[in-house]
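Understanding the architecture of this molecule
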Amino acid sequence: MNIIVIAISLVLMAVGANILGKGVEKINLPSLLGMMIFGMLIGPSFLDIIPKETLDLSPIIKDIALVTVLFIGGLGISSSEMKSIGRPAVLLSIIPATLEGFAIAILSTVFLGFDFIQGAILGFIIAAVSPAVLIPSMLDLIDKKLGTNKSIPQMLLVGASADDTIAITLFTTFLSIYIGREHGAQVSLERQLISIPIAIMISIGVAYLSSKLTSPIISRVKDIRVKALIAFLVCLGLRSIESNFHVEIFNSLLSIMIYGFFLRSTIEESTFSIKKIMDKVWSMGKLFLFTFVGAAINPSLVGQYFLVGVLILTGSLCVRSIGVLISLTGTDLTPKERLFCIIAYLPKATVQSAKAGIPLQMGVVYGEVMQAIAILSVLITAPIGAIGIRITAPKYLNKSS
């Protein structure tokens, strides 16, 4: 009976998200906004009509959708592009999130009365860019050949996938420091910081090894659908390592994207066909991803802290934007292209929706304030980022022939 309820609810969600997404597109806004609004309306905060059984499955469904779009992103990056985007992509993965997280930590001590550790917990919940918003937008630009002459979408794809490693690791670090302080234990900040480059290198190494082991198998398979299935199952396996075993020095999101890149490098003749199949999977997966992201948003939490939250976010996003500009120094990007990168790096959704309630659950003082401001960051930046990308990309990026 539960299976029937789940199946019917998912079908109805897909239909509703598709209708509202297309409706929003008619007024020249990104479809994902319509899907998120639909999720918010039918979710626990408003109508509360999503069955509990379906909500319980939402983390798994969101993971599958996120894995799909990251894999597609990796398949869309060539070796020559990776060489040209290497340095700025690495800097984009480190500098903006780090600067923003610490800026929020400082601003929280001034405007919210937090101590620095509490501020840093909030800061690194908010600091992560949303792969759910940014990556589909960049894939769309690659399809339209906007900015691809300088590999701008590819650079942002890679930077965003590693950006989460920095933010989540530092969030976990400062949360551990806080919990340890409350219980009289010591947590080494230096050791945790060292784990960040180690996690990135391990994630890339796992992706490389996975491609080496699976590319001969995929090459021998005749049916392209089976090829795509094998590759996708590998991606889901990489995601399950982090999700089920809580391996702290491994970023499955980065690993999945890099796996797609390595796969393209070794069996390029098959990867274009695999990408076409995965594009079809994503066309359905995005309906559930953005609907469930919307369902996780609780706008009623933010009212009391709206003004101070907007003040903190305005300051932190300015600092983040400076971080993006620093990361792009030495590139041949024009001022308009740099401004586009700043806008593309604004949206937050996935990490904030997933992590916002953790400090409160862990008994962190002011945890409810952290949850409210994290949700506010989604409500403000996801629309601004998505709309900003859509409006500025045709104006600021050159179209390749």
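Each chain carries its own residue numbering, running from 1 in the written order of its sequence. Confidence filtering applies because this is a predicted model: local features only for residues at pLDDT of at least 70, side-chain atom pairs given and counted only at 80 or more, and all residues used for totals across whole chains, interfaces and linings. Remark: hydrogens and water are excluded; side-chain values derive from all non-hydrogen atoms of the structure.

1. Focus on the layout of surface pockets
- Taken as a whole, the second largest pocket holds about 560 Å³ of empty space.
- Lining of the second largest pocket is provided by 24 residues; of these, Pro 136, Ser 137, Asp 140, Lys 144 and Arg 390 occupy positions nearest its centre.
- For the lining of the second largest pocket, the element with the highest residue contribution is helix 6 (residues 131-144), accounting for 7 residues.
- Amino acid classes used here: Ala, Val, Leu, Ile, Met, Phe, Trp, Tyr, Cys and Pro are nonpolar; Asp, Glu, Lys and Arg are charged; the rest, including Gly, are polar. Taken together, the residues of the lining of the second largest pocket sort by class into 14 nonpolar, 2 polar and 8 charged. With a 1 Å grid spanning the protein atoms alone, the term cavity applies to any set of points in which a 1.4 Å probe fits but cannot get out, the term pocket to an open set with protein on both sides within 12 Å along at least five of seven lines, and the term lining residue to any residue with an atom within 4 Å of a point. Grid points are joined across faces, edges and corners, and a volume is the space filled by probe spheres set on the points. A run of H or I in DSSP becomes a helix once it reaches four residues, and a run of E becomes a strand once it reaches two; helices and strands are each numbered from the N terminus.

2. Details of the environment of Thr 314
- Looking at the element boundaries, Thr 314 is found in helix 12 (residues 306-327).
- Using a relative accessible area of 44% as the deciding quantity, one classes Thr 314 as partly exposed.
- Remark: the alpha-carbon pair of Thr 314 and Asn 251, spanning 63 residues in sequence, is separated by 29 Å. Burial status follows relative accessibility: with a 1.4 Å probe on protein chains alone, a residue under 20% of its type maximum counts as buried, one over 50% as exposed, and anything between as partly exposed.

3. Observations concerning the pattern of salt bridges
- Every case where a carboxyl oxygen of Asp or Glu lies within 4 Å of a side-chain nitrogen of Lys or Arg is listed as a salt bridge. Tallied over the full model, the rule gives 11 salt bridges.
- Close ionic contact of Arg 239 with Asp 63 constitutes a salt bridge, the shortest N to O distance being 3.0 Å. Residue Arg 239 is found in helix 9 (residues 224-245), and its partner Asp 63 is found in helix 3 (residues 52-75); the two are separated by 176 residues along the sequence.
- Residue Arg 320 is joined to Asp 163 by a salt bridge in which the shortest nitrogen-to-oxygen separation is 3.5 Å. With Arg 320 in helix 12 and Asp 163 in helix 7 (residues 152-182), this pair connects stretches of sequence that are 157 residues apart.
- A relative accessible area of 0% means that Arg 320 is categorised as buried.
- Residue Asp 163 is classed as buried on the basis of its relative accessible area, which comes to 0%.
- When salt bridges with common partners are traced through the structure, they connect Glu 100, Asp 163, Arg 320 and Lys 348 into a single cluster.

4. Quick look at the side chain of Ser 58
- Residue position: Ser 58 is located in helix 3.
- Residue Ser 58 is classed as buried on the basis of its relative accessible area of 10%.
- Reaching out from Ser 58, the side chain makes a polar contact with the backbone oxygen of Leu 55 at a distance of 2.7 Å. Polar contact is the term for a pair of N or O atoms within 3.5 Å; when the atoms are in protein, one must be able to donate a hydrogen and the other to accept it, and sequence-neighboring residues count only if both atoms are side-chain atoms.

5. Remarks on the side chain of Gln 154
- When you line up the elements, Gln 154 lands in helix 7.
- Here, two residues are considered to be in contact whenever any of their heavy atoms come within 4.5 Å of each other. Apart from the residues lying within four places of it in its own chain, the contact partners of Gln 154 are Gly 76, Ile 77, Glu 81, Ile 85, Ile 142 and Thr 148.

6. With respect to the state of the cysteines
- The rule for a disulfide is simple: a pair of cysteine sulfur atoms within 2.5 Å. Under the criterion given, the structure shown has 0 disulfides.
- In this model Cys 318 remains outside any disulfide bridge; the closest cysteine sulfur is found in Cys 341, 17 Å from its own.
- Assessed through its relative accessible area of 46%, Cys 318 is described here as partly exposed.

7. Description of unusual backbone geometry
- Phi at Lys 145 takes a positive value of approximately 60°, unusual for a residue other than glycine.
- Position of Lys 145 among the secondary structure elements: in the loop between helix 6 and helix 7.
- For Lys 145, a relative accessible area of 40% translates into the label partly exposed.

8. So, the confidence of the model for the chain
- Residue-level confidence of the predictor, termed pLDDT, takes values from 0 up to 100. The share of residues in the chain with pLDDT of 70 or more is 97%, and the mean pLDDT across the chain is 89.
- Helix 14 (residues 350-355) is the least confidently modelled element of the chain, averaging 79 in pLDDT, while helix 13 (residues 335-344) averages 97, the highest of any element.

9. Focus on the packing of aromatic side chains
- Stacked, edge-to-face and tilted are the three classes for Phe, Tyr and Trp ring pairs, Trp counted by its six-membered ring, which pair at centre distances within 6.5 Å; planes under 30 degrees apart are stacked, over 60 edge-to-face, the rest tilted. The full count for this structure, using the stated rule, is 10 aromatic pairs.
- Where Phe 102 meets Phe 116, the ring centres are 6.1 Å apart and the plane angle is 10°; that geometry is what we call stacked. You can see Phe 102 sitting in helix 4 (residues 79-111) and its partner Phe 116 sitting in helix 5 (residues 116-126), a full 14 residues away along the chain.
- Residue classification places Phe 102 among the partly exposed positions, given a relative accessible area of 29%.
- Taking relative accessible area as the criterion, Phe 116 reaches 35% and is therefore assigned partly exposed.
- Between Phe 114 and Tyr 366, the ring centres sit 5.0 Å apart and the planes meet at 20°, which makes this aromatic pair stacked. Of this pair, Phe 114 sits in the loop between helix 4 and helix 5 while Tyr 366 sits in the loop between helix 15 (358-361) and helix 16 (367-396); the two residues are 252 residues apart in sequence, bridging distant segments of the chain.
- One aromatic cluster in this structure is built from Phe 102, Phe 116, Phe 124 and Phe 174.

10. Quick notes on the packing of helix 4 against helix 5
- The convention used is that axes are lines fitted to C-alpha atoms, helices contributing only their stretch in contact, and that angles between N-to-C directions extend from 0 to 180 degrees. At a minimum axis distance of 7 Å, the contact between helix 4 and helix 5 shows a crossing angle of 140°. Of the possible angle classes, the one that applies to helix 4 and helix 5 is oblique. Between helix 4 and helix 5 lies a crossing whose hand is right-handed. In contact with Ala 97, Thr 98, Glu 100, Gly 101, Phe 102, Ile 104, Ala 105, Ile 106, Ser 108 and Thr 109 of helix 4, helix 5 contributes Phe 116, Gly 119, Ala 120, Leu 122, Gly 123, Phe 124 and Ile 126.
- Taken together, the residues that form the contact of helix 4 with helix 5 break down as 10 nonpolar, 6 polar and 1 charged. The labels follow the angle: roughly parallel below 35 degrees, roughly antiparallel above 145, roughly perpendicular from 65 to 115, and oblique for the rest. The hand of a helix crossing depends on one turn: near helix anticlockwise from the far one by less than a right angle means left-handed, and clockwise means right-handed.

11. What to know about the environment of Leu 233
- Here Leu 233 lies in helix 9.
- Separated by 184 residues in the primary sequence, Leu 233 and Ile 49 place their C-alpha atoms 32 Å from one another.

12. With respect to helix 2 (residues 31-42)
- Working rule for helices: expected span equals 1.5 Å times residues minus one. Taking 1.5 Å of rise per residue, 12 residues should cover 16 Å, and helix 2 covers 17 Å from first to last C-alpha, within 8% of that figure.
- Helix 2 sits mainly inside the fold: 10 of its 12 residues count as buried.
- Buried residues of helix 2: Ser 31, Leu 32, Leu 33, Gly 34, Met 35, Met 36, Phe 38, Gly 39, Met 40 and Ile 42, and no others.
- Of the surrounding secondary structure, the elements contacted by the buried residues of helix 2 are helix 1 (2-25), helix 6, helix 11 (268-295) and helix 16.

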